[in-house]
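# Structural overview
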Amino acid sequence: MTDSRLGAAEVKKLVRQVLTTRPNEIGCDECLELLDRFVEMTLEGRDTTEALPLVQQHLQQCDCCHEEFQALLSVLRNLD
Ligand SMILES: [Zn+2]
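Residues numbered from 1 in each chain as written. Predicted model: local features only at pLDDT ≥ 70, side-chain atom pairs only at ≥ 80, totals over all residues. Heavy atoms only, no water.

## Thoughts on the side chain of histidine 58
Within the fold, histidine 58 resides in helix α4 (residues 53-61). For histidine 58, a relative accessible area of 8% corresponds to the buried category. One polar contact links the side chain of histidine 58 to the main-chain carbonyl oxygen of isoleucine 26, over a distance of 3.0 Å. Once residues lying within four places of it in the same chain are set aside, the contact partners of histidine 58 are Ile26, Gly27, Cys28, Cys31 and Cys65. (Helix = DSSP H or I, 4+ residues; strand = E, 2+ residues; numbered from the N terminus. Buried < 20%, exposed > 50% of the residue type's maximum accessible area, 1.4 Å probe, protein only. Polar contact = N/O pair within 3.5 Å; in protein donor to acceptor, adjacent residues only side chain to side chain. Contact = heavy atoms within 4.5 Å.)

Pasting the structure below:
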């Protein structure tokens, strides 16, 4: 019993560490820097939520970057 309680405490501590070390948000500059890769991955049908969660998150919050994303996406789609 003591072992499992200790285990739970350890797990909680680890979870808290992961949550606190995770950066909350990125700004527009960082978002635009990563946007090329994000669009490429989107076009390749890869999981951007997994690979670039902060860009995904930013695009949901920022109309400006979302417009940029849509524009880039349609340009690259038309290239194919
Ligand atoms: Zn932005």
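## A look at the packing of helix α2 (residues 28-43) against α4
Taken N-terminus to C-terminus, the directions of α2 and α4 make an angle of 115°; their axes are 10 Å apart at the nearest point. The angle between α2 and α4 places the two elements in the roughly perpendicular class. As α2 runs across α4, the sense of the crossing is left-handed. Between α2 and α4, the contacting residues are Cys28, Cys31, Leu34, Leu35 and Phe38 on the first element and Val55, Gln56, His58 and Leu59 on the second. (Axes fitted to C-alpha atoms, helices over the stretch in contact; angles between N-to-C directions. Parallel < 35°, antiparallel > 145°, perpendicular 65-115°, else oblique. Left-handed = near helix turned anticlockwise from the far one by under 90°.)

## Topic: the coordination of the zinc ion
Listed as protein donors to the zinc ion are Cys28 (SG), His58 (NE2), Cys62 (SG) and Cys65 (SG); their distances from the metal cover 2.0 to 2.3 Å. Here the zinc ion binds 4 donor atoms, and the angle range of 102 to 114° at the metal identifies the geometry as tetrahedral. In primary-sequence terms, the residues that donate to the zinc ion follow C-x29-H-x3-C-x2-C. Of the two residues, cysteine 28 sits in helix α2 while cysteine 65 sits in helix α5 (residues 63-79), which places them 37 residues apart along the sequence. Residue cysteine 28 is classed as partly exposed on the basis of its relative accessible area of 34%. (Donors = N, O, S within 2.8 Å, 3.2 Å for Na, K, Ca; no water. Tetrahedral: all angles 85-135°; square planar, octahedral: opposite > 155°, others 65-115°.)

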